[in-house]
Structures are given as structure tokens and as C-alpha cells.
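Summary of structural features
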Amino acid sequence: MINGIILGLSEHEVNERFDAIAGFADIGDFIEQPLKTYSSGMMLRLAFAVQTQIEPDILIVDEALSVGDALFQKRCIQKMENLRSDGCTLIFVSHDQESVRTLTNRAILLRDGTVRSSGPSADVVLDYRRQLHEDEKQYFAKLAEEAAKTEPVRQARGEVQPVPVGSPAVTDEPLSFGDREAE
């Protein structure tokens, strides 16, 4: 009730939409329990159900699909697609690459508060994957560097040193990235 009123609905309007909200949230008898007894997932389900019942001009969804079962996630995606087709602007914040690619037309990749890439969602998702790959390479390079610092101690103890990973191959293919270690 409070969430609906904060969003601009009257108590009467919330009551009119209660069955739709409760049905979408699908939290069973917990709908009648105090909010303090809800899990974080249950709170999010109910909040999303209320938000989508007000038919917003702009809907901001920040990692909301990371909770709930597959059926609830599917209902959320369908609802967001319906809202978009009705003219609602969807701002979707997520690390879920496939959801970004399928739910959005355009995307922005942020890193440390800076725009690193923007454009068609599929292109930005590819840039994100490249970024993840570079982060992983740096992580393992740091581990190898730390291991090299302890080499004399390991040798003295008779421990085996890990084999260092070779340098990455360079490619000119626009949709390719990686070290090609398995090629």
C-alpha cells in the first residue's frame, strides 16, 4: 500500500490493483505478513509487481532479475517487453549479458563511473566480454607475478612452481578476442 501511494496511486487505486499485484508477486500467504518477515527476494518481487502496475513512463530496473525463479523472471521480462511496446522507456541495469542483449536496443558500458562503450546492445555486450577477458588476464598476470616473488622459498621447500602462461596472440578479427591458448 505504502509503495503504491509513494508512486502516486490513491489507496483506492492500490486496492483496485491489489489482486494483480499479489498475483504477479506470487509470494502466497506472505502477502498478508509484515514486510520484516520477507526475504530480500520476496520484497523485490512485490516491489516489481507494484512498479509495473502503475504503467510508468520510465521504468528503472537495477539487477531485479537476479532474484526469483525462472518463471518469475520470465513474467518480468514479458512485462518489461509489454511496457516497452506501450511506449515506456526502460533503463535496465545488469551484468547479465544475455538480458541486456535481448531486452534493450542500445546499451552503455560503465567502468568506474566512466562510459567505456555505447551503441547497439550486441556491440556493447561484446565490448563487455572483451573487458572481462582483459580483467581476467590482468588478474592471472598478478598471480603469476606474486608467485614469481616466492619462487626461492618454494624451491627451498621443494614445492612445484606453476608454469607461466604464454603471451596472448594478436588478432585482427573484429568479433574475436582471447589468448588463443587452445588454438
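This text goes with the structure placed above it.
Residues numbered from 1 in each chain as written. Predicted model: local features only at pLDDT ≥ 70, side-chain atom pairs only at ≥ 80, totals over all residues. Heavy atoms only, no water.

Let's talk about helix 4 (residues 70-85)
When the terminal C-alpha atoms of helix 4 are compared, their 22 Å separation across 16 residues agrees well with the 22 Å that a helix rising 1.5 Å per residue should span. The elements touched by buried residues of helix 4 are helix 2 (11-25), helix 3 (40-53), strand 1 (58-62), strand 2 (89-93) and helix 5 (97-103). Positive backbone phi, at 100°, marks Gly87, one or two positions downstream of helix 4. (Helix = DSSP H or I, 4+ residues; strand = E, 2+ residues; numbered from the N terminus. Expected span 1.5 Å × (residues − 1). Contact = heavy atoms within 4.5 Å.)

Things to note about unusual backbone geometry
Most peptide bonds take the trans form, and the phi angle of most residues other than glycine is negative. Positive phi is not limited to glycine here, since Glu55 has a value of about 50°. Take Glu55: it is sitting in the loop between helix 3 and strand 1. Given a relative accessible area of 63%, Glu55 falls into the exposed group. Even without being glycine, Asp112 reaches a positive phi, approximately 55°. Turning to its location among the elements, Asp112 is positioned in the loop between strand 3 (106-111) and strand 4 (114-120). (Buried < 20%, exposed > 50% of the residue type's maximum accessible area, 1.4 Å probe, protein only.)

Looking at the pairing of strand 4
The pairing of strand 3 with strand 4 spans six bridges and is antiparallel. Bridged to Ile108 within strand 4 is Ser118. (Pairing = 2+ DSSP bridges.)

As for the packing of helix 3 against helix 4
Axes are the key here: two packed helices are described by the angle between their axes and the distance separating the axes. Contact geometry of helix 3 with helix 4 gives a least axis separation of 11 Å together with a crossing angle of 20°. Put simply, helix 3 runs roughly parallel to helix 4. Where helix 3 crosses over helix 4, the handedness of that crossing is left-handed. Residue-level inspection shows Arg45, Phe48, Thr52 and Gln53 of helix 3 in contact with helix 4, the latter providing Phe72, Arg75, Cys76, Lys79, Met80 and Leu83. Residues of the contact of helix 3 with helix 4, tallied by class, amount to five nonpolar, two polar and three charged. (Axes fitted to C-alpha atoms, helices over the stretch in contact; angles between N-to-C directions. Parallel < 35°, antiparallel > 145°, perpendicular 65-115°, else oblique. Left-handed = near helix turned anticlockwise from the far one by under 90°. Nonpolar A, V, L, I, M, F, W, Y, C, P; charged D, E, K, R; others polar.)

What to know about the environment of Asp96
Note on placement: Asp96 falls in the loop between strand 2 and helix 5. Asp96 gets classed as partly exposed once you look at its relative accessible area, which sits at 38%. Considered as a pair, Asp96 and Ser66 are 30 residues apart in the sequence and their alpha carbons are 8.5 Å apart. Among the polar contacts listed, one links the side chain of Asp96 to the side chain of Ser99, at a separation of 2.7 Å. (Polar contact = N/O pair within 3.5 Å; in protein donor to acceptor, adjacent residues only side chain to side chain.)

What to know about the side chain of Arg45
Tracing the sequence through the fold places Arg45 in helix 3. The buried charged residue Arg45 lacks any salt bridge, with Asp26 as its nearest oppositely charged partner at 4.0 Å. From its side chain, Arg45 meets the backbone oxygen of Ala25 in a polar contact 2.9 Å long. (Lys, Arg positive; Asp, Glu negative; His and termini not counted. Salt bridge = Lys/Arg side-chain N within 4 Å of Asp/Glu carboxyl O.)

Details of the nonpolar core
Grouped burial of nonpolar side chains is what soluble globular proteins tend to show. In terms of nonpolar packing, the biggest core is built from 28 residues, with Phe48, Leu59, Val61, Met80 and Phe92 touching the most fellow members. Every element with two or more residues in this core is listed here: helix 2, helix 3, strand 1, helix 4, strand 2, helix 5, strand 3 and helix 6 (121-149). Take this core: its biggest share by element is five residues, from helix 3. Here Phe48 is in contact with Phe24, Val61, Ala64, Cys76 and Met80, once residues within four sequence places are set aside. (Core = buried A, V, L, I, M, F, W, Y, C linked by side-chain atoms within 4.5 Å.)

Examining a nonpolar patch on the surface
Together, Ile58, Ile60, Ile91 and Val93 make up an exposed nonpolar region whose accessible area comes to about 360 Å². Residue assignment for the nonpolar patch shows that the elements contributing at least two residues are strand 1 and strand 2. Its relative accessible area of 59% is what places Ile60 among the exposed residues. (Patch = residues over 30% accessible without salt bridge, like charges linked within 9 Å, V, L, I, M, F, W, Y side chains within 5 Å. Areas by Shrake-Rupley, 256 points an atom, 1.4 Å probe, with all protein chains shown as cover.)

Regarding the pairing of strand 1
Alternating residues of strand 1 divide into Leu59 and Val61, all buried, and Ile58, Ile60 and Asp62, none buried. In the sheet, strand 1 pairs with strand 2 via five bridges, with the strands oriented parallel. When the sheet's bridge partners are listed, Ile58 is paired in strand 2 with Thr89.

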